[in-house]
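What follows is the residue order along each chain.
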Amino acid sequence: MCGIVGYVGNQEAAPIILHGLRQLEYRGYDSAGLAVLDGDGGVQVRREAGKLLNLEQAVSQAPVTGAVGVGHTRWATHGPPSQRNAHPHSSPDGDLVVVQNGIVENFLDLRQELERAGYTFRSDTDTEVIVHLIDQHYHNGSAGDLEDAVRKALLRLKGPSAIVVLSAHHPDRLIAARLGNAGGVTIGFGRGEMFVASDIPAILRHTRQVAFLDNRQMAVVTAHGAVFKDLDGRPLAKECTRIDWNPTAAEKGEFRHFMQKEIFEQGRSLTDTLRSRLDFQRNAVVLDSLNLTPDHARRLTKLTIVACGTSYYAGLVGKYYIERLARLPVEVDYASEFRYRQPLVASDQMVLAITQSGETVDTLAALEEARTGGAFTAAIVNAIGSQAARVTDGHIYMQAGPEIGVASTKAFTASTTDLLLLAIYLGQQRGVLAEAESARIIRALSMLPGLAGELLEDALQNDRYRELAERYHTFYNFLYLGRGIHYPIAREGALKLKEISYIHAEGYPAGEMKHGPIALIDATMPTVVVAPRDHVYDKMISQVEQVKARSGQVLAVAHANDEAIRAKVDAVMPIPVADELLTPILAVMPLQIFAYEMAVRRGADVDQPRNLAKSVTVE
Ligand code: F6R
């Protein structure tokens, strides 16, 4: 969950590291630090509690100079957020520093062992054991071979860890290593300069040529390249990947927050998601990287979707799509539950992970469980080169571009769109989807970016959502209701509201309201209904009546031309009329904007909500 940036080259390292950390601040923001080698064989360290701004101020007051360095932004696991617990952590004589993303599960045993060996700990973190272990090996068994010392230290660790090591005795290099599912380690190739980062946006300004470390791999990075090895010291050949993202895709531009930018670029991101996937001539969907043969698709007896949070809700929409169009039973499970419940998996099943980051630890563990059971594994994943894309039999890239806002928005609409593509694809391969029906849906899909653009433009052009936030920002509880394919949208809307504005919100299937939640309804608990005119519209209207009969206020996501609902509810969040299969993808957008405006009105930190981090690489 933490963010790491490293630089070796010919420019000043500190500004490059600080800029990179800013792009990674979504991964953790409770403290930050950096270390830069000076020309006289010393390591200059600056560390500050709180947001990155504090570190930037510290560096401007006490500048560090040098062309090799490493930085870190932290999401606390061991030890509270404070200056002493901020990374980098240093060896006793300060000539070696380490930054880490991950958890050392056996850190107490290691700490006691190191204390017995004479090491004094200056922080509460698990990371400090890593630097002392490397130091111990460096001065003893490894006899001054840093690479060997790092390898030996890593082999003592239990739990996932991604680390970068810098040493005053080896001033031309950084050593980066990955053990387990600790989140990505990206090595960036420049001209006469090299980069290390937890995620691509941190270095996109400087290079688009990257390589990724897998589990149990390390890289010795100098200004002129990188040497890759496994943790047994065997050399590895690595291919570079070219990243096509535009560098400005990872910048905020004219928007106040990344989340706002990402909401309003969904017209564009959906265009990219659909790009080269729709074959109008054959009325087919192109998903080559899924690597699923028609024969295999026909033999599937079940599909299990595993995911967390927003990606899980996308999976619930996917269940509707796939069961309807491909007639394949779909189970949707929280990855954190699936991995521990000894699931029944077999070779005639497909297990599909949905993950924006491709690094969520529970989702990767669920995939591992599926692989062990012999299932065909696949991922709908946004982050290029991430672990989920690499460990699965096939994948579909969301093509949404970098998502920086901690609250997921454009990745939700991209992944639901991919699930619709997958449903058509499976329906065709399994011979259960009529050609005329696929042609109709493919035509409808091609309209999706335009419809999204229209909805978002309308929202930008008027004050509707700011006025709603003005009216509702002081309420403490909200109920979100949806039915059928819109039930997951109600849950996603509720999640958006709670995570960035800290207002309690429950997403519920509308038909279940009278089995419990109706007891909560009164004038202080507004209800948000997702009620486009579909086959359950009348039932949604009767829920509206029931809420109104109990003095409840109702806000409705409804078709822009639905005058009937407008007359019944307190406020409408309009969406354009579209094919029923596209409606969930459009209906979530007003809920994203509503949550955003509510959070802004309440003065919350939209891009860095408290306690959350974007890429959840620890349990
Ligand atoms: C909510 C949110 C999280 C993520 C979840 C899974 O806005 O962002 O709920 O959806 O942590 O993350 P990924 O998709 O990266 O596996």
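What counts as what
- Residues numbered from 1 in each chain as written.
- Predicted model: local features only at pLDDT ≥ 70, side-chain atom pairs only at ≥ 80, totals over all residues.
- Heavy atoms only, no water.
- Pairing = 2+ DSSP bridges.
- Helix = DSSP H or I, 4+ residues; strand = E, 2+ residues; numbered from the N terminus.
- Axes fitted to C-alpha atoms, helices over the stretch in contact; angles between N-to-C directions.
- Contact = heavy atoms within 4.5 Å.
- Buried < 20%, exposed > 50% of the residue type's maximum accessible area, 1.4 Å probe, protein only.
- Right-handed = clockwise from strand over helix to strand, strands pointing away.
- 1 Å grid on protein atoms, 1.4 Å probe; cavity = no way out; pocket = protein on both sides within 12 Å on 5 of 7 lines; lining within 4 Å.
- Points joined across faces, edges and corners; volume = space filled by probe spheres on them.
- Nonpolar A, V, L, I, M, F, W, Y, C, P; charged D, E, K, R; others polar.
- Salt bridge = Lys/Arg side-chain N within 4 Å of Asp/Glu carboxyl O.
- Arc of directions from axis to C-beta.
- Near = heavy atom within 4 Å.
- Polar contact = N/O pair within 3.5 Å; in protein donor to acceptor, adjacent residues only side chain to side chain.
- Areas by Shrake-Rupley, 256 points an atom, 1.4 Å probe, with all protein chains shown as cover.
- Domains from an automatic or database assignment.

So, about the sheet that holds strand 20 (residues 349–355). Strand order in the open sheet made by the 5 strands is 19-18-20-21-22, with parallel pairing throughout. Of all strands in the sheet, those bounded by a partner on one side alone are strand 19 (330–334) and strand 22 (394–397). The average angle at which neighbouring strand axes cross in this sheet is 20°, direction not considered. When strand 18 (residues 302–307) meets strand 19, the two strands line up parallel, connected through 5 bridges. Within the sheet, the bridge partner assigned to T304 lies in strand 19 and is E331. The sheet contacts of helix 9 (residues 309–326) involve strand 18, strand 19 and strand 20, and relative to strand 19 the element is tilted by about 175°. Of the strands in this sheet, strand 18, strand 20, strand 21 (376–381) and strand 22 touch helix 13 (residues 410–429), which is tilted by about 160° from strand 20.

We now examine the pairing of strand 20. Along strand 20, 7 of the 7 residues are buried, which leaves the element largely enclosed by surrounding structure. Neither face of strand 20 is left uncovered, since the one carrying Q349, V351, A353 and T355 and the one carrying M350, L352 and I354 both have all their residues buried. Inspection of the sheet shows strand 18 paired to strand 20 by 5 bridges, in the parallel sense. Looking at the pairing, K302 lines up with Q349 of strand 20. Sheet topology places strand 20 next to strand 21; 6 bridges connect them, and they run parallel. Bridged to I354 within strand 21 is I380. Taken together, strand 20, helix 11 (residues 361–372) and strand 21 constitute a β-α-β crossover, and its handedness is right-handed.

Within this model, the second largest pocket holds a volume of roughly 420 Å³. Around the second largest pocket sit 15 residues that line it, and D244, W245, D272, I384 and Q399 are the ones nearest its centre. Of the residues that constitute the lining of the second largest pocket, the class distribution is 6 nonpolar, 4 polar and 5 charged.

Oppositely charged side chains may form a pair once their charged atoms are brought near each other. Per the stated rule, a full pass over the model turns up 39 salt bridges. The residue E147 makes a salt bridge to K229 at a minimum N-O spacing of 2.8 Å. With E147 in helix 5 (residues 146–154) and K229 in strand 13 (residues 225–230), the pair connects residues that are 82 residues apart, well separated along the chain. Given a relative accessible area of 16%, E147 falls into the buried group. Among the residues examined, K229 registers a relative accessible area of 18% and is labelled buried. Notably, a salt bridge pairs K152 with D148, separated by 2.6 Å at the nearest N-O pair. On the criterion of helical spacing, the pair formed by K152 and D148 is a turn pair, its members being 4 residues apart in helix 5. Connected through shared salt-bridge partners, K261, E265, R268, D272, R275 and K410 make up one network.

Right, let's get into the sheet that holds strand 11 (residues 209–212). Ordered by their spatial adjacency, 8 strands build an open sheet running 3-2-4-1-10-9-11-15, and the pairing between neighbours is antiparallel. Single-partner strands in this sheet number two, and they are strand 3 (43–49) and strand 15 (241–242). Here helix 1 (residues 13–24) sits on the sheet in contact with strand 1 (3–8), strand 2 (31–37), strand 4 (68–74) and strand 10 (194–197), set at roughly 155° to strand 1. Sheet contacts for helix 2 (residues 52–61): strand 2 and strand 3; angle to strand 3, the most-contacted strand, approximately 140°.

Among all positions in helix 15 (residues 464–472), only Y465, L468, A469 and Y472 are buried. Across the axial projection of helix 15, the buried residues extend over an arc of 100°, all falling on one side. Summarising the contacts, the buried residues of helix 15 are in contact with helix 14 (435–461), strand 23 (477–482), strand 26 (554–559), strand 27 (571–575) and helix 19 (583–601).

Attention shifts here to the site of the ligand. Residues in close proximity to the ligand total 15 residues, the closest being S311, Q356, S357, T360 and E499. Q356 has a polar backbone atom sitting 2.7 Å from an oxygen atom of the ligand. Between the ligand and S408, the relevant distance is 2.9 Å, taken from an oxygen atom to a main-chain nitrogen or oxygen of the residue. Taken by itself the ligand offers 410 Å² of open surface, and the protein chains cover 90% of this. Contributing elements (two or more residues each) for the shell around the ligand: helix 9 and helix 16 (487–501). Partitioned by chemical class, the residues of the shell around the ligand number 5 nonpolar, 8 polar and 2 charged. Looking at which domains feed residues into the shell around the ligand, each of domain 2 (258–446) and domain 3 (463–601) supplies at least three.

Glancing now at empty space enclosed by the protein. Counted by the stated rule, this structure contains 4 cavities of 30 Å³ or more. Approximately 210 Å³ is the volume found for the largest cavity. What lines the largest cavity is a set of 24 residues, and nearest its centre among them are S198, D199, I200, S357 and A383. Viewed by domain, the lining of the largest cavity spans two of them, domain 1 (3–243) and domain 2 (258–446), each represented by three or more residues. In this model, the second largest cavity occupies a volume close to 90 Å³. Every residue lining the second largest cavity is counted, 14 residues in all, and those nearest its centre are C2, W75, T77, H87 and G102. Here the lining of the second largest cavity gets 3 residues from one element, more than from any other, and that element is strand 6 (residues 96–102). Here the lining of the second largest cavity is composed, by residue class, of 4 nonpolar, 8 polar and 2 charged.

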